[in-house]
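Coordinate inspection notes
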Amino acid sequence: MAWTLRRLAVRGAIGVMGLTLALAAPAGAQPKDKPAADGPGKQELSGAAKRLDDFEGKVKRMRGQPFPLGFTEKEALTRIEALRQKYPDHPEVAALAERARLAIIASKGQTQEVAPDATAYRNSEKKMVELFEAQAKGQWEAFLANVKASKDPILKAFPSPSQEEVGIDDLAGRYVVLEDFAYPRNEFTEMGSPYVWVGGGTTGYYYVDLSGRAWLGVYEAVKRYRRFVNQDVPEGLAWTLVGKISGVQLMSPEAGEKKTVPVRWGWTVEPVAIRVPGRTFALADPAGPEGGQFAGEAKLEEIKSTFYTVKEVPPDATPEKVMEIFIKAIKEKNYKLYLDCIDPARRGTGKALDLCMYHWEWHQHRFATFYCEVKVGKALTHVLKGFDEGDSLESKFLTEADKAKIKKTSEPLEEEAQVQTEAFDERGRQYGSPKPHVLKRVEKKRWYITNYPQPF
């Protein structure tokens, strides 16, 4: 009974306290998460705004790159759209909706209007390819006429002469025309030497020897054509190879250490010429310094120079101008100008020049495939070492005698410039993120690019 009375007393006290709090509450007060009569509550707004902040943060991190919307971004849009349906005229909701609109646009990637001449270099390349193809066609026809005039050429390679019926003495030194030469697809190794097989079990085999100077001479000529004239020379394309029969061997025409294809007799062939249909013709030249040449190579710069819009770097070129010339050199396939933009310390040895060539090919591929226009930003320069007597701020405090004394004991002046570039494709969409490029100059001489491998 006593326990029940105490229980009722506690309940009464709680009731009185609740009534007191209710009476003390100001008129019109509402719970924190309950919306006002004419707009959304603070919790509704802050929840949508927080997710929109995260959305905008991702836009900033992506630096102009497009990206698909994830859970957070879609949740932000869902909440803002719900608010907009409930409170279409509320200014804070309208502001969130406008921010969301801009974030959606930014998520599709930064864009800009592409200049009408942005892809002109690709049209120039097509014209250049046509000129070199005309050279290739003429030289190929002349070479083929000489082959036909030689002693007993094998113009129809298949079915190949049977090793059981014909000996090597009958075929050695004769030309053979192989119209389905597939390198590197059909490459294999036998006793440490590389070959390419042409043919099949029912038609017979020819084994083109890749281990000698003849192959290196003619194939390197094709590679130079790809580097300096036309990047589009697919190795998967069937080429025509003309060679001379040099022997007969029993081999297993299959790549890999474990052979599953049975051994087959085949005539070994020493390469003499390659015809890449619609592209080029390359001829081995054992006596020449390069071991071979592609059609028109002797007139390479004479033909190409008509397509150059820039031919040299002015001594007083700014870092921005050097970058623009570097881009032009790549687009117009001006390798000499490309090298002239690069820091001499990074092209002073044979190995360094090989690296320059490697990245030249990558730059060619990117401009042919990924982007066509590059926007060069404003350079930010600073002194790496030495004394810059032209520094306007320091000059306010130093006398000419002070400057002369400091310069006398300082290291040679070395400055660095950082330039940011943005690349765009033919539709005007930014490719990747902005890239930093570094240039250097010594004693106020010319600017040179140091990180030339950097993509745009």
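See the structure above.
Reading the values: the criteria
Residues numbered from 1 in each chain as written. Predicted model: local features only at pLDDT ≥ 70, side-chain atom pairs only at ≥ 80, totals over all residues. Heavy atoms only, no water. Helix = DSSP H or I, 4+ residues; strand = E, 2+ residues; numbered from the N terminus. Rg over C-alpha atoms; globule rule 2.2 N^0.38 Å. Buried < 20%, exposed > 50% of the residue type's maximum accessible area, 1.4 Å probe, protein only. Contact = heavy atoms within 4.5 Å. Areas by Shrake-Rupley, 256 points an atom, 1.4 Å probe, with all protein chains shown as cover. Pairing = 2+ DSSP bridges. Patch = residues over 30% accessible without salt bridge, like charges linked within 9 Å, V, L, I, M, F, W, Y side chains within 5 Å. Salt bridge = Lys/Arg side-chain N within 4 Å of Asp/Glu carboxyl O. Axes fitted to C-alpha atoms, helices over the stretch in contact; angles between N-to-C directions. Left-handed = near helix turned anticlockwise from the far one by under 90°. Nonpolar A, V, L, I, M, F, W, Y, C, P; charged D, E, K, R; others polar. Polar contact = N/O pair within 3.5 Å; in protein donor to acceptor, adjacent residues only side chain to side chain.

Looking at the overall build of the protein chain
Each helix and strand counted, the protein chain has 13 helices and 13 strands in total. In terms of C-alpha radius of gyration, the protein chain reaches 37 Å, well past the compact-globule figure of 23 Å for 456 residues. Each principal axis of the C-alpha distribution contributes one length, and for the protein chain these read about 125 × 85 × 45 Å. Here the protein chain, with 456 residues, has 40% of them falling under the buried criterion. A separation of at least 24 residues holds for 68% of the contacts in the protein chain among residues at least 6 apart in sequence. By element, 55% of the accessible surface of the protein chain is carried by carbon and sulfur atoms, the whole surface being about 26100 Å².

So, the pairing of strand 5 (residues 239-251)
Sheet topology note: the strand 1 (residues 175-181)/strand 5 ladder contains 5 bridges and is antiparallel. Looking across to strand 5, one finds that phenylalanine 181 is bridged to tryptophan 239. Of the strand pairs in this sheet, strand 5 and strand 6 (residues 264-276) are connected by 11 bridges, and their pairing is antiparallel. By the bridge assignment, glycine 247 is partnered in strand 6 with threonine 268.

Details of a nonpolar patch on the surface
There is a patch of nonpolar side chains on the surface, built from Val248, Leu250, Val263 and Trp265 and spanning about 360 Å² of accessible area. Here tryptophan 265 shows up in strand 6. Take tryptophan 265: its relative accessible area is 48%, and that puts it in the partly exposed class.

Some remarks on the packing of helix 3 (residues 71-86) against helix 4 (residues 91-107)
Across the interface, helix 3 lies against helix 4 with an axial gap of 10 Å and an inter-helix angle of 145°. Considering how the two elements wind past one another, helix 3 and helix 4 form a crossing that is left-handed. Note on element contacts: helix 4 touches helix 3 through Val93, Leu96, Ala97, Ala100 and Ile104, opposite Leu77, Ile80, Leu83 and Arg84. Along the lines of polarity and charge, the residues of the contact of helix 3 with helix 4 split into 8 nonpolar, no polar and 1 charged.

Some thoughts on the pattern of salt bridges
When their charged atoms lie close together, side chains carrying opposite charge are able to pair. Within the structure shown, the criterion is met by 25 salt bridges. Between aspartate 53 and arginine 99 there is a salt bridge; the shortest N-O distance is 2.8 Å. With aspartate 53 in helix 2 (residues 42-62) and arginine 99 in helix 4, this residue pair connects regions lying 46 residues apart in the sequence. For aspartate 53, a relative accessible area of 40% gives the class partly exposed. Arginine 99 is paired through a salt bridge with glutamate 56; the nearest N and O atoms lie 2.6 Å apart.

What about the side chain of glutamate 415?
Along the chain, glutamate 415 turns up in strand 11 (residues 414-424). Assessed through its relative accessible area of 6%, glutamate 415 is described here as buried. Among the polar contacts listed, one links the side chain of glutamate 415 to the side chain of arginine 441, at a separation of 2.8 Å. Within the structure, the side chain of glutamate 415 is placed 3.4 Å from the side chain of lysine 444, a separation counted as a polar contact. What glutamate 415 contacts, discounting residues up to four positions off in sequence, is His382, Val383, Leu384, Asp388, Leu439, Lys440, Arg441, Lys444 and Trp447.

That's the geometry; what it means functionally is another story.
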